[in-house]
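# Results of the structural survey
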Amino acid sequence: MHPPVHLEPYDAARDRADLARLMLHAFNSPAELTDLWITRAGPENFRVARLHQPGPALATLAYIPWGQFFCGRRVSAIGIAGVATAPEARGQGLATAMMHDALREMHAMGAAISNLYPATRPLYRRAGYELAGSTFECRVRLRELSTRPGDRTAASLRPAADEDLPRIEALYRERIAERHGAIDRAHYGWPRVRQPKGEPAHGFVIEEHGAITGWIFHLRRDAAPNAHEVYGRNTLAISDVQAYTPAALRRIVAHLADHASMVSDATFDAGPAHPLLTALDEQSFTLQLVHHWMVRILDVRRALLERGYWGARNAALALDVADELIHSNREPLTLTLENGRPSVTPGHTPGAPSLRLDIRDLAAIYTGYLTPHQAALSGRITASDDTALTTARDIFLAPHPAPADRF
């Protein structure tokens, strides 16, 4: 049994001190960074949980309304961030009860999925989330980069100005759908590019014939002062790097190489197929898994209709989904693809192979993180016949999702 929880909108006049305390204990975040985060995310998107009314806020979380791209189409999403529980209230089921209430509220808000980075997996699995993708950190060794004649002249590079920002954001929205699993940054993601953790980044745009074709934002992380320290052991922390033409890509490589006399490495979040990595002449980088992120299907029907499909063009699959928290997701349905366009009908279409599966397994299959055959190792999937898993594989076929945005 979970304790009765009062999940309420955040009220700065009443809850600011409590929320600052929760963030300090959970994330070692000073009050000024917490205030900055609340401003960026929007106070209206924060929730606090109490055990008694009136009483102190003993847990909190934040909603991030945005989208995530799967197979070329934007899926409506609500990110979850800043989940924290007061030290004296931990181990009592408060966070679980808060997440269950939050799921019902997010479902009522109309989003198809919810995504998050878990500090602990069991809490979110109890709420129906499952591992759904990966985040990697790339570390490029700048002194090993090679450049070619013309790399610095094929496209121009200049500092980004305030008037460039709308053009940058518009180009990002236009092109980001190509990258499976990428985040639609909306109002929340762009300040984290321009001012990661409150520090202003240096932005540079790449132009060709007056059009922006790429950009890079970074700041330098200096090594700790030391009497025996030498130049060149600093890091260039990249908060965003995008290139949309071969010339822009090579210009960014040259820009990084130009820092090699004073900076040893550049770091940025990237999947294994990031274009910048493919542009390097040698494997002058390491790629390290940082985190797995999780997804919860809030509305099965809506999630299936909003997703793109790069696999089977014509197919049908009946689904029976087990969901302990959102009852409407339990209704049997059939997903049909006609020339790659999805439709969803109630019940099972005669002749369509079918799967019975848990809402968690559907999340892992939906994003392309696991194939249906891999997900079936959970023991929670029952296939009607030998063709069901293969049909599901063909329908949900997608690259491994590895977005470049953390939250």
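Residues numbered from 1 in each chain as written. Predicted model: local features only at pLDDT ≥ 70, side-chain atom pairs only at ≥ 80, totals over all residues. Heavy atoms only, no water.

## Overview of unusual backbone geometry
- In the segment running from glutamine 53 into proline 54, the intervening peptide bond is cis, with an omega of 0 degrees.
- One can find proline 54 in the loop between strand 2 (46–50) and strand 3 (59–70).
- Residue asparagine 28 is not a glycine yet carries a positive backbone phi of 55 degrees.
- Relative to the elements of secondary structure, asparagine 28 occurs in the loop between helix 1 (12–27) and helix 2 (31–41).
- Exposure remark for asparagine 28: the relative accessible area of 62% places this residue in the exposed category.
- You will see that lysine 197, though not glycine, has its phi angle at about 55 degrees, which is positive.
- Within the secondary structure, lysine 197 is located in the loop between helix 6 (186–194) and strand 9 (202–208).
- Under the relative-accessibility criterion, lysine 197 is labelled exposed at 69%. (Helix = DSSP H or I, 4+ residues; strand = E, 2+ residues; numbered from the N terminus. Buried < 20%, exposed > 50% of the residue type's maximum accessible area, 1.4 Å probe, protein only.)

## Concerning the side chain of threonine 267
- Topologically, threonine 267 is positioned in strand 12 (residues 263–269).
- Residue classification places threonine 267 among the buried positions, given a relative accessible area of 9%.
- What threonine 267 contacts, discounting residues up to four positions off in sequence, is Glu137, Cys138, Arg139, Thr235, Leu236, Ala237 and Ile238. (Contact = heavy atoms within 4.5 Å.)

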